[in-house]
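Summary of structural features
Read off the chains here:
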Amino acid sequence: GIPRLPIQQDETASFIIAVGRHHQRYPAFGQERTGLVVDTVFPAADWICDWRLPCGLPRPSVDLWEERDGIHLQTLAVVFGALVEAKALAMAFSDSERAARYDQVTKEISEAARREFQITEARPWLPRMRRVDYQTEKLLPLAPEDEVLDAGGASSLFLFACPTKEQCLFTMKDVAATMEAVRKELWVRGGVGGVARYQLDPYCALDDVQYGDGIPGNPWIICTLWLAEWDIFRAKTESELSLALPVIGWVAKRAALNSGILAEQLHPVTGAPMGVSPLGWSHSTFLSTIQKYQQKKRLLKQSI
């Protein structure tokens, strides 16, 4: 075979986003912050710019769920967001050459993504991944497994790749279509509710459950909360913001144990907790969702 790095590129990109957002909120230009940005963030962003295929997309890596190798929608979104943050940091630390390069690469990635990841009439959402021929470095034709609707990939589009509604990896129309498909296709309407990771997710699948239409998989806490975050993100009025409350309420009333503990996922029929419990990712996402709801509510009140 062909040797390749066993990495998740989104992990490198997530670090850049974290530093960029922290600096935006708490700017500092002392030795410690300068060293972090110049010695760590910039080399990481440079690597992201370099580690791409001839078509302009990032080279394949492992997906968010640590299950597949390819070019993933979620990875694209986080990489795009990382370079936006890296550009802002380069401007803040007076590196105009890097700022220009990061800006150019974000445009190239967006152009390539819009060309190679498209919604179709038969599939009204963006595909979760593209596979690559490692010999030719060309994209392979989409297989049915590549076209599956994935809550992680869909949610990352607005969580990381829409720093402003005018500067997005994909058009807002495509982002909205994909997230609304999550609401329609991945909500466990034939069971306890909540959002599955993706269609016919085999992880922790149960022999006594008939998966398919109505039960696409086991509901995950984080995926359900991402749907609430989408409603918060797109809300322009307090009435629209209130659409997030039933989803948040489902987590608090249906998914949480009496102790307040949140598991990784639930049994889709009985609602019993499954997987790791407590899961830090579930708890941190719940807190983040509540914070975003409160911030958006204050913002909407101020705009009246």
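As a reminder, the structure under discussion sits directly above these lines.
Residues numbered from 1 in each chain as written. Predicted model: local features only at pLDDT ≥ 70, side-chain atom pairs only at ≥ 80, totals over all residues. Heavy atoms only, no water.

1. Observations concerning the sheet that holds strand 2 (residues 69-72)
Defined as follows: DSSP calls a pair of strands paired once it identifies at least 2 bridges connecting them. Every helix listed is a DSSP run of H or I at least four residues long, and every strand listed is a run of E at least two residues long, numbered separately from the N terminus. Should any heavy atoms of two residues lie within 4.5 Å, those residues are considered in contact. For every element, the axis is a line fit to its C-alpha atoms; helices are fit only across the contacting stretch, and the angle between N-to-C directions ranges from 0 to 180 degrees.
Here 3 strands make up an open sheet; going across it, the order is 1-2-3 and the pairing antiparallel. If you trace the sheet from one side to the other, it starts and ends with strand 1 (61-62) and strand 3 (129-130), each paired once. Bridging between strand 2 and strand 3 involves 2 bridges; their strand directions are antiparallel. Among the inter-strand pairings, Ile-71 is bridged to a residue of strand 3, identified as Arg-130. Strands strand 1 and strand 2 of the sheet are contacted by helix 3 (residues 73-92), whose axis makes an angle of about 55° with strand 2.

2. Topic: the packing of aromatic side chains
The line we're drawing: Any Phe, Tyr or Trp ring, taking Trp's six-membered ring, that has another such ring centre within 6.5 Å forms a pair; planes under 30 degrees apart are called stacked, those over 60 apart edge-to-face, and the others tilted. The rule is simple: take the accessible area with a 1.4 Å probe, protein chains only, and divide by the maximum for that residue type; under 20% is buried, over 50% is exposed, in between is partly exposed. In this analysis the charged atom, NZ for Lys or CZ for Arg, is taken to sit over a ring once it is within 6 Å of the ring centre and within 35 degrees of the ring normal.
Enumeration according to the criterion identifies 12 aromatic pairs in this entry. Seen in terms of ring centroids, Phe-158 and Trp-230 are 5.4 Å apart; in terms of plane orientation they differ by 55°. Their pairing is tilted. You can see Phe-158 sitting in helix 5 (residues 151-159) and its partner Trp-230 sitting in helix 7 (residues 221-234), a full 72 residues away along the chain. Here Phe-158 and Trp-230 have matching classes, each one buried. By way of ring pairs, the aromatic residues Trp-65, Tyr-203, Trp-220, Trp-226 and Trp-281 are connected into one cluster. When the ring centre of Tyr-198 is taken as origin, the NZ or CZ atom of Arg-128, which lies over that ring, is 4.8 Å away. Above the plane of the ring of Trp-65 lies Arg-197, whose end atom (NZ or CZ) is 4.7 Å from the centre.

3. Re empty space enclosed by the protein
Rules: As defined here, a cavity is a set of points on a 1 Å grid over the protein atoms alone where a 1.4 Å probe fits but cannot get out. A pocket is an open set with protein on both sides within 12 Å along at least five of seven lines, and residues line them when an atom is within 4 Å of a point. Grid points are joined across faces, edges and corners, and a volume is the space filled by probe spheres set on the points.
Within the structure shown, the criterion is met by 1 cavity of 30 Å³ or more. The space that makes up the largest cavity amounts to roughly 90 Å³. Mapped onto the lining of the largest cavity, the elements with two or more residues apiece are helix 3 and helix 5.

4. Structural notes on the nonpolar core
The nonpolar side chains of a soluble globular protein tend to be buried with one another. Formally: Here the nonpolar core consists of buried residues drawn from Ala, Val, Leu, Ile, Met, Phe, Trp, Tyr and Cys, with membership extended through side-chain atoms lying within 4.5 Å.
Within the largest apolar cluster, 73 residues are counted, with the highest numbers of intra-cluster contacts made by Leu-169 and Phe-170. Tallying contributions element by element places helix 3 first for this core, with 12 residues. Look past the residues within four positions of Leu-169 in its chain and what remains in contact with it is Leu-76, Ala-77, Phe-80, Ile-109, Ser-110, Ala-113, Arg-114, Leu-157 and Ala-161. Listed in part, the 8 residues of the second largest apolar core include Leu-225, Trp-250, Val-251 and Ala-255.

5. Re helix 10 (residues 280-302)
Keep this limit in mind: Multiplying one less than the number of residues by 1.5 Å gives the expected span of a helix.
Over its 23 residues, helix 10 extends 33 Å from the first C-alpha to the last, a length consistent with the 33 Å expected when each residue adds 1.5 Å. Among the residues making up helix 10, those that are buried are Ser-282, Thr-285, Thr-289, Tyr-293, Lys-296 and Leu-300. At its buried positions, helix 10 is contacted by helix 7, helix 8 (238-241) and helix 9 (244-255).

6. Thoughts on the environment of Gln-104
Among the structural elements, Gln-104 can be located in helix 4 (residues 96-116). C-alpha separation for the pair Gln-104 and Cys-49, spaced 55 residues apart in sequence, amounts to 9.6 Å.

7. So, the pairing of strand 2
Pairing of strand 1 with strand 2 involves 2 bridges; the strand directions are antiparallel. Its bridge partner lying in strand 2, Ser-61 is registered against Gly-70. Two successive antiparallel strands, strand 1 and strand 2, enclose a turn made up of 6 residues, where Glu-66 displays a positive phi of approximately 60°.

8. Observations concerning helix 6 (residues 172-186)
The line we're drawing: Arc definition: directions from the helix axis to the C-beta atoms.
For helix 6, built from 15 residues, the straight-helix expectation of 21 Å at 1.5 Å per residue is met to within 8% by its first-to-last C-alpha distance of 20 Å. Within helix 6, burial applies to Val-175, Thr-178, Met-179, Ala-181, Val-182 and Leu-186. One side of helix 6 carries all its buried residues, which in axial view fall inside an arc of 150°. Those residues of helix 6 that are exposed and angled more than 90 degrees off the buried face are Lys-173 and Lys-184.

9. Some remarks on the layout of surface pockets
Note the following rule: Any residue outside Ala, Val, Leu, Ile, Met, Phe, Trp, Tyr, Cys, Pro, Asp, Glu, Lys and Arg is labelled polar, Gly included; the first ten of those are nonpolar and the last four are charged.
What the largest pocket holds in volume is close to 1700 Å³. Together, 43 residues line the largest pocket, and Arg-21, Leu-159, Glu-229, Ser-288 and Lys-292 are the ones closest to its centre. When residues of the lining of the largest pocket are traced back to their parent elements, those giving at least two are helix 1 (9-25), helix 3, helix 5, helix 7 and helix 10. It is helix 1 that contributes the most residues to the lining of the largest pocket, 11 residues altogether. Tallied by class, the residues present in the lining of the largest pocket amount to 19 nonpolar, 15 polar and 9 charged. Put simply, the second largest pocket is a space of about 180 Å³. Lining the second largest pocket are 14 residues, with Arg-4, Trp-51, Arg-59, Pro-60 and Tyr-134 sitting closest to its centre. Tallied by class, residues from the lining of the second largest pocket come to 8 nonpolar, 1 polar and 5 charged.

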